[in-house]
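Here is what each chain is made of, one letter per residue.
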Amino acid sequence: MRHPALAFERMNVMVKHACRMHACAMALLELERRIGTYKVCVGALLALVLTCPTHAQTIIYVNDDAPIGGNGQSWATAYRDLQQAIHAAGLVPEGNRNVEIWVARGVYRPSVPRRPGELRTASFTIPPKVNLYGSFAGTESTRGQRPAPWATTNFPTAAHASVLSGDITDDDATVGSSNNAYNVLNASGPNTIEGFVIERGNADDPLGQFARGGGAHLQVNFPVAVVECEFRLNSAGDGGAVSSSGLSGSTAINTISRSRFFENRATRSSAVPGSSGDGGAVQGAAFVEGSIFAFNTASHEGGALAFTATGGRARVSSSTFSSNSASDGGAIYVVAGSGTLFEGISTIFDATNSGYGSAIGVNGSGRVELRNCSHLFDTSYLNNSPHVLAIINWQATTRPTIAPSGYVSGSPSLADPAQRDFRLVSTGIERGIFDGLLVDNQRNRRIFDGDGDGVAVVDVGALEFASRPFPEVLRVDASRPFDGDGESWETAFRFIPSALAAASANGGYTHSVWIRRGRYFPDESPQVPFGSGNTALSFGLVNGVSMFGGFSGTETTPAQRSLAASLTDALDPTRATILSGDLSGNAIG
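The rules behind the values
- Residues numbered from 1 in each chain as written.
- Predicted model: local features only at pLDDT ≥ 70, side-chain atom pairs only at ≥ 80, totals over all residues.
- Heavy atoms only, no water.
- Helix = DSSP H or I, 4+ residues; strand = E, 2+ residues; numbered from the N terminus.
- Areas by Shrake-Rupley, 256 points an atom, 1.4 Å probe, with all protein chains shown as cover.
- Pairing = 2+ DSSP bridges.
- Axes fitted to C-alpha atoms, helices over the stretch in contact; angles between N-to-C directions.
- Contact = heavy atoms within 4.5 Å.
- Buried < 20%, exposed > 50% of the residue type's maximum accessible area, 1.4 Å probe, protein only.
- Polar contact = N/O pair within 3.5 Å; in protein donor to acceptor, adjacent residues only side chain to side chain.
- Core = buried A, V, L, I, M, F, W, Y, C linked by side-chain atoms within 4.5 Å.
- Phe/Tyr/Trp six-rings, centres within 6.5 Å; stacked < 30°, edge-to-face > 60°.
- Lys NZ or Arg CZ within 6 Å of the ring centre and 35° of its normal.

Chemist: Give a detailed account of the overall build of the chain, specifying residues and quantitative values.
Modeler: Scanning the chain from terminus to terminus reveals 4 helices and 46 strands. Accessible surface, the chain: about 23100 Å² in total, of which carbon and sulfur atoms supply 53%.

Structure (structure tokens):
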């Protein structure tokens, strides 16, 4: 029989690190003293210690509703203009630069021209080592507290998102886009751009200098990651929404993840030197994952995506293409030179064209591999280039003329594309390939048993059928007879190691573990419910996940705990959460 520990000690440690612009309070840790082979933690005594990076991170705040005269050091004193924040970030020497710019919901327009006196050349030009995060309400203390811009509506506005607009004179409703900014955003990496709506760029520069990427021009230097952004109503000579020339050698280094592209267009025009009309949404090279492309058009090649490279590699995975159009390659056009590999994985294609390759047009001697993909409606989905194509586990109404390795008859249906609802409602469920994405375009978990057969397999396309988000909080209750899923007190885990393992597997989407009063030992697990006696074991905390104790098992927030009651008698597991190292139950003194 195990006995309660007889001694414990608490210490408070505050770790701080000074930043250039403001102090960065990193963590508060309440530690308990190790005595012999055991340790005790009472109530809510655990939190994570975060070590400071070599170059301390600076956060600059932007809110277009903030009072005039702010210094960007907090939400209360935020800059009103994103250009101010970008300028301030660029003043930090690049060798020491590690800057995040947090942008509250609202509309922001570029105002600093790149050619003197020409307002249309204005763009949000992001310095290296500066990351932009948008769609904050203006009260958050962590990035994880933001929802995706389209979390509550398929048509996000400034009330739901941070909107970067190329409508620099705010007159599109009356005069159209002819005087809009050529490029809304410009970046050369390393950068992350996350949580924005980017709209109404019009890259039709008559000098040809700014003729690509109306929404964003991503240049060759270092990687740029675009995450959870919506690009809409952008236009250009090439790459209506994004021009991505990010190559390392010939391999794509820019990534586009869990983003959405609607009603962008690329148009070849004699008035725009160098324009080809390629890539209605994206032109260039990138790794695209978990994204949706709909109603994009190109006058030449690649209604949604035009990829060109020699000896390189690019990929589209877990994405959905719907109602895109082009002369050739209604969804994607690939110019695959010798040694090039283009991969399409677990993706839904639906597109129209007037030339060849309704879904995918291919030109060149490189290799194109399509694995576990589906095609909707049209049967002329590929141009006939058998020397460059490998098709594995293809799903369509009609078998391809290029013999696939594995074929499933029937095409999936989407719920309501006209209303931007691209959920699967028929075949295509649980026939995808896991590509490393933990969540779908709506932040629902990818590995989910959507068809109820007891086996969780990812679906084809950008959205997982009938899935739900990862829990932000997991719960543990030692009185439970066995481990649950931890998503409620009624289904709590019994063992702390189980909860920590689940939090780690959830890829950062779980931020807290709540532990009910009771006594917990690090050597207990579902496999050894009464302990192994292994004194080398400990509770291994997970980076970014906080642990809170002292719960009675009914609370919905940590503030509802009665910590005074829990701390009255730290030796009583009915009144405290005790983490004990007394594995043999023989502690004394």
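Chemist: So what about the sheet that holds strand β42 (residues 473–476)? Which residues, and what values?
Modeler: The strand order across the open sheet built from 3 strands is β42-β43-β45, with neighbouring strands paired in parallel fashion. The strands lining the two open edges of the sheet, one partner per strand, are β42 and β45 (546–551). Averaged over all neighbouring strand pairs, the angle between strand axes comes to 25 degrees, with direction disregarded. Bridge count between strand β43 (residues 512–516) and β45: 4 bridges; the pairing is parallel. Looking across to β45, one finds that Trp514 is bridged to Phe548. Contacts between helix α3 (residues 496–505) and the sheet are confined to β42, β43 and β45, with β42 contributing the most and set at about 165 degrees to the helix.

Chemist: Quick one: what's the story with the environment of Asn186, residue by residue and with numbers?
Modeler: When you line up the elements, Asn186 lands in strand β9 (residues 185–187). Residue Asn186 is classed as buried on the basis of its relative accessible area, which comes to 7%. Distance from Asn186 to Val242, taken between C-alpha atoms, is 9.8 Å for residues 56 residues apart in sequence. Leaving out residues up to four positions away in the same chain, Asn186 has contacts with Arg114, Ser123, Phe124, Thr125, Ile126, His217 and Gln219. For Asn186, the side chain forms a polar contact with the side chain of Gln219, separated by 3.0 Å.

Chemist: Explain the nonpolar core to me, using residue names and the numbers behind them.
Modeler: Grouped together as the largest cluster of nonpolar side chains are 67 residues, with contacts concentrated most on Leu82, Ile101 and Ile332. One finds Ile496, Ala499, Ala502 and Val542 within the second-largest nonpolar core, a separate group that totals 16 residues.

Chemist: Can you explain the packing of aromatic side chains? Please cite residues and give values.
Modeler: Evaluated as defined, the whole model comprises 15 aromatic pairs. On the numbers, 4.9 Å between centres and 65 degrees between planes, the contact of Tyr61 with Trp75 is edge-to-face. In this pair, Tyr61 is assigned in strand β3 (residues 58–62) and Trp75 in the loop between β3 and α1 (82–91), connecting sequence segments 14 residues apart. A single burial state applies to Tyr61 and to Trp75, both of which are buried. Seen from their ring centres, Tyr61 and Trp102 are 5.6 Å apart, and the 75 degrees between their planes marks the pair as edge-to-face. Highlighted residues: Tyr61 in strand β3 and Trp102 in strand β4 (residues 99–104), separated in sequence by 41 residues. Each member of the pair Tyr61 and Trp102 is classed as buried. For Arg146, the ring lying beneath its charged end belongs to Phe136, and the centroid distance is 4.8 Å. Over the ring of Phe551 we find Arg561, and its NZ or CZ is 5.1 Å from the ring centre.

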